[in-house]
Structures are given as C-alpha cells and as structure tokens.
Amino acid sequence: MQRELGLLLEFRGVNTHYGDLHVLKDVSYEIGRGEIVALLGGNACGKSTTMKTIMGVVRPTSGSVIFEGQPIERLRTAERVKRGIAPVLEARRLFPRMTVLENLELGAYTRKRGPELAEDLERVYELFPRMKERRGQIAGTLSGGEQQMVAIGRALMARPRLICMDEPSMGLSPLLVEQVFDIIQQINRQGTTIFMVEQNAAMALSIAHRAYVLQTGQVVLSGEAAKLRENPAIREAYLGELQVSAAA
Ligand SMILES: Nc1ncnc2c1ncn2[C@@H]1O[C@H](COP(=O)(O)OP(=O)(O)O)[C@@H](O)[C@H]1O
Ligand SMILES: [Mg+2]
C-alpha cells in the first residue's frame, strides 16, 4: 500500500533509559510515507517515550532513529522540527496566555514569513472553522477540544512531513474524538504521514493503516490495522471485549 513510497521514519534497535529504568527495549518501527501508524499499549509501556525519542526530548542509549534515510538521534529538537517532524504532544503545550492566532503562527517559526504563512493559516481555518472565529481568543480559555484543535493546527503550520501525536483523543468527549480522528484522516489524505499513540485502540485501528503494540517497552505485535482488529489478543486486551471484572 502506502509503503511503496518508501520509509519516512525508522527506529532500528532503539534502547532508551531514564537512569536505571530501561524503557524502550530494542525497539524497531518502520513508518512509510503517507501512512497513518498507531502505537498501542497499556500504561507506562513506553509510548510517550517513543514520541519523546522521535522529537529528541529523550536520547536513545543505543540504536538509531532514521528520518528520510538519515540518522537523527543526535540532533536537537529544533533541527528535527526543521527537517519536517512536528509534535502534538501530551497535554498539548499551547502558550496559554497567547491568542489562538499567535499560537498558530508559532508553529511556523522555523520557516521564513511570507505569503505561505497566510495560505497555511487558511488551510488550518478550513480544517477548523471554529479556530478562525476564535483566533483572537486567549488559548488558555479554550475548551479541551478546542485546545487540541489548536495544537494540531499549530503542528500543521510547520508544513511537516511527519506529525507525531501523543494521545490526541485524551480528555475529549466521544463526539470530539470522532471529529479529531476525522481531521487526522483529512490531514493524512492531504499527504502528511502520521504516527500516533492512542489509548483508544478501536478508534486508532479504525483510521490507521498499520499499528504496533508495545508491552513493557517491547514490540509484541505489529501489522495491518485491519488484521490487528481481528486478532483475539488485541480484541481482549484493547478493544473492550471480555471486560469481566476479576473481582466480581
Ligand atoms: N522523565 C522521566 N524520568 C524517569 N522515568 C520516566 C520519565 N518519563 C517516563 N518515565 C517512566 O518510564 C516509563 C514509560 O513512560 P511513558 O513512556 O510515559 O509511558 P506511556 O506513555 O506508555 O504510558 C514509566 O514507568 C514512567 O514512569
Ligand atoms: Mg503516555
């Protein structure tokens, strides 16, 4: 499918530690150009650490992170952003005292200002008409869902080739979750590759092309999303089947 276009991002045997805590254990991922790839897994298994390792917030102790054929694991975060990787991280990290528009403009900070900035703003406003109405509003006063939209919009302003999302549906109502996933699909159809961490496995597998499952820092399963949806182990662990309480 999409992978004919080649690989965009690779982890090759990545190990990541926090002090003595060994979090990612010999992890390999392959993200093809044009794909939506989901990263599933329970609490504390290393999902956010994966995203932080891509962005350079955490450095691997061994192994390689390769973007567009080049190792990037030694590069600073800002350099990775310049090369086309944009994060939508946990807790969204907007600038709460700045307006929606100012937050969006900051997403383009690695590029020269010019007519493209206005074009990109229009593109974001097309995806999120609400943001246009609210462009003068102080970001910290937006609802959780609106803040998530601004965070995604801000990532798009960098014209990234890869967007890394850490739990985009967290804290959102079911309706907003649907909207956010719909937007993610639209962004992907416009050509941006997406690597996303999700607790909401059913939703993630419904839009992803492929997925990886992490368990205590190791990849225990991977494959096409459609196949993983049918996998009994996945259904039991992540898709809400057999939710019979052991205590009952
Ligand atoms: N900055 C840090 N310092 C020490 N331990 C950390 C740090 N960040 C995460 N951890 C630990 O690493 C493990 C994996 O964390 P994380 O990648 O955030 O998990 P997930 O996102 O899958 O829930 C957890 O046990 C967490 O407590
Ligand atoms: Mg996490």
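Note that the coordinates shown come from a computational prediction; the quantities given were computed from them, not determined experimentally.

(A) The arrangement of the site of ligand 1 in detail. Taken together, the residues surrounding ligand 1 are Tyr18, Leu21, Val23, Gly42, Asn43, Ala44, Cys45, Gly46, Lys47, Ser48 and Thr49. One nitrogen or oxygen atom from the main chain of Ser48 is found 2.8 Å from an oxygen atom belonging to ligand 1. For ligand 1, the accessible surface in isolation is 560 Å², of which the surrounding protein chains cover 60%. Looking at the shell around ligand 1, the element that brings in the most residues is helix α1 (residues 47-55), giving 3 residues. Of the residues contributing to the shell around ligand 1, the split by class is 5 nonpolar, 5 polar and 1 charged.

(B) Representation of the side chain of Thr50. Counting through the fold element by element, Thr50 comes out in helix α1. Only 2.9 Å separates the side chain of Thr50 from the side chain of Tyr29, close enough to count as a polar contact. Excluding residues within four positions of it along the chain, Thr50 makes contact with Phe11, Leu24, Tyr29, Leu39, Phe195 and Leu214.

(C) Spotlight on the pairing of strand β2 (residues 21-32). In this sheet, β2 lies alongside strand β1 (residues 7-18) in antiparallel orientation, the contact comprising 8 bridges. Across the sheet, His17 pairs through a bridge with His22, a residue of β2. Counting the residues in the hairpin turn of β1 and β2 gives 2 residues, including Gly19, whose phi is positive at 60°.

(D) Here's a closer look at the domain arrangement of the chain. Each assigned domain of the chain is listed with its residue range as follows: domain 1 (1-82 + 164-180 + 192-248) and domain 2 (85-159). The gap between the C-alpha centroids of domain 1 and domain 2 is 24 Å. Tallying the contact residues gives 21 residues for domain 1 and 15 residues for domain 2. The interface formed by domain 1 and domain 2 includes 0 salt bridges. Taken together, the elements giving at least two residues each to the side of domain 1 that touches domain 2 come down to α1, α2 (77-83), β7 (162-166) and α7 (174-189). The leading source of residues in the side of domain 1 that touches domain 2 is α1, at 4 residues. Looking at the side of domain 1 that touches domain 2 residue by residue, the classes come out as 13 nonpolar, 4 polar and 4 charged.

(E) Structural context of helix α4 (residues 115-127). Here α4 spans 19 Å end to end across 13 residues, near enough to the 18 Å set by a 1.5 Å rise per residue. Along α4, the residues classified as buried are Leu117, Asp120, Leu121, Val124, Tyr125 and Leu127. Down the axis of α4, the smallest arc covering the buried residues is 155°, so these residues share one side. Turned more than 90 degrees from where α4 packs its buried face, Pro115, Glu119 and Glu126 sit exposed. On its buried face, α4 sits against α3 (100-106), α5 (129-133), α6 (144-157) and α7.

(F) Spatial organisation of the pairing of strand β9 (residues 210-215). For β9, the buried fraction is high: 5 of the 6 residues fall into the buried class. The pairing of strand β3 (residues 36-41) with β9 spans 5 bridges and is parallel. Looking at the pairing, Gly41 lines up with Leu214 of β9. Joining the antiparallel neighbours β9 and strand β10 (residues 218-224) is a turn of 2 residues, in which Thr216 adopts a positive phi near 35°.

(G) Seen up close, the pattern of salt bridges. Summed over the entire model, instances satisfying the criterion amount to 11 salt bridges. Measuring nitrogen to oxygen at the nearest pair gives 2.8 Å for the salt bridge that ties Arg130 to Glu146. Of this pair, Arg130 sits in helix α5 while Glu146 sits in helix α6; the two residues are 16 residues apart in sequence, bridging distant segments of the chain. Overall, Arg130 belongs to the partly exposed group, its relative accessible area being 43%. With a shortest N-O distance of 3.9 Å, Arg235 and Glu230 are connected by a salt bridge. Given the relative accessible area of 54%, Glu230 is considered exposed. Three or more residues joined by partner-sharing salt bridges are found here, namely Arg33, Glu68 and Arg161.

(H) Summary view of the sheet that holds β1. Reading across from one edge, β2-β1-β4-β5 is the order of the 4 strands in this open sheet, with antiparallel pairing throughout. Of all the strands in the sheet, just β2 and β5 (70-71) have a single pairing partner and so form its edges. Against the sheet, α1 engages β1, β2 and β4 (62-67), with an angle of about 115° to β1.

Analysis parameters
Residues numbered from 1 in each chain as written. Chains lettered and ligands numbered in written order. Predicted model: local features only at pLDDT ≥ 70, side-chain atom pairs only at ≥ 80, totals over all residues. Heavy atoms only, no water. Near = heavy atom within 4 Å. Polar contact = N/O pair within 3.5 Å; in protein donor to acceptor, adjacent residues only side chain to side chain. Areas by Shrake-Rupley, 256 points an atom, 1.4 Å probe, with all protein chains shown as cover. Helix = DSSP H or I, 4+ residues; strand = E, 2+ residues; numbered from the N terminus. Nonpolar A, V, L, I, M, F, W, Y, C, P; charged D, E, K, R; others polar. Contact = heavy atoms within 4.5 Å. Pairing = 2+ DSSP bridges. Domains from an automatic or database assignment. Salt bridge = Lys/Arg side-chain N within 4 Å of Asp/Glu carboxyl O. Expected span 1.5 Å × (residues − 1). Buried < 20%, exposed > 50% of the residue type's maximum accessible area, 1.4 Å probe, protein only. Arc of directions from axis to C-beta. Axes fitted to C-alpha atoms, helices over the stretch in contact; angles between N-to-C directions.

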